[in-house]
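Overview (structure and organization)
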Amino acid sequence: MNENRNYISLKSKDVAIAYLLLRILIGVNYFNHGFTRIFNIPGFAEDTVKQLANSYFPEFLVRINSYLVPPIELIVGILITLGLATRSALIVTFALMIVLKLGVTSVQNWGAATSMLSYGIVLFILLAGSSFNIYSLDRWRKNKQNLADSGANREQGRVNFFRNNFWIKRRLQHRFLK
């Protein structure tokens, strides 16, 4: 039997564009979570304290966490959207999601807990696929640094070349003068 198989091939540029769009999508999501809450942190904190009143967490921990969530969401949202310090921002976002997951599951809010799993999957994809993060400020900064380093290495190479050639010539002259 002759099987006719179709193989799916992914083009790295297409994956990089998909990565960019997914990164921007999740970054804008976190940015807007933080931005819409940042100007009313006390109100957000009070709502969160009420939602977690029946949890096993003490109120002061819930309140502290509630004051930290909006600025963290805003900052990681900006960083992820721009692709700046992307790996660190994704790790911080993962940690934030774990803390939030502890809160919603402590009051058995399974709908929110399930929704958070989808965030976790997207964060996993972005962190695991970071080699495709080529359309980002991280890559731009890396390329800029590599250019600077290669220029310095090239200059050092010239210096070494001329220094080595000088000593080689001296040694040859010394041999012929004897």
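Predicted model, so just to flag it, every value in this text is computed and none were measured.

1. Overview of helix α2 (residues 41-51)
Those residues of α2 that fall on the buried side of the exposure criterion are I41, F44, A45, T48 and V49. One side of α2 carries all its buried residues, which in axial view fall inside an arc of 135°. Within α2, the exposed residues directed more than 90 degrees away from the buried face are K50 and Q51. One side-chain oxygen of the residue at the start of α2 lies 3.2 Å from the amide nitrogen of G43, identifying that residue as N40.

2. Observations concerning the packing of aromatic side chains
According to the stated counting rule, one finds four aromatic pairs in the structure shown. Centre to centre, the rings of F31 and F35 are 5.4 Å apart; their planes meet at 15°, and the pair counts as stacked. One end of the pair, F31, and the other, F35, are both in helix α1 (residues 12-38), four residues apart, so they sit about a helical turn from each other. Residue classification places F31 among the partly exposed residues on the basis of a relative accessible area of 27%. A relative accessible area of 38% places F35 in the partly exposed class. On the basis of an interplanar angle of 40° and a centroid distance of 4.6 Å, the ring pair of Y56 and F57 is categorised as tilted. A relative accessible area of 57% means that Y56 is categorised as exposed.

Conventions we followed
Residues numbered from 1 in each chain as written. Predicted model: local features only at pLDDT ≥ 70, side-chain atom pairs only at ≥ 80, totals over all residues. Heavy atoms only, no water. Buried < 20%, exposed > 50% of the residue type's maximum accessible area, 1.4 Å probe, protein only. Helix = DSSP H or I, 4+ residues; strand = E, 2+ residues; numbered from the N terminus. Arc of directions from axis to C-beta. Polar contact = N/O pair within 3.5 Å; in protein donor to acceptor, adjacent residues only side chain to side chain. Phe/Tyr/Trp six-rings, centres within 6.5 Å; stacked < 30°, edge-to-face > 60°.

Function-wise, these values are silent; they only describe arrangement.
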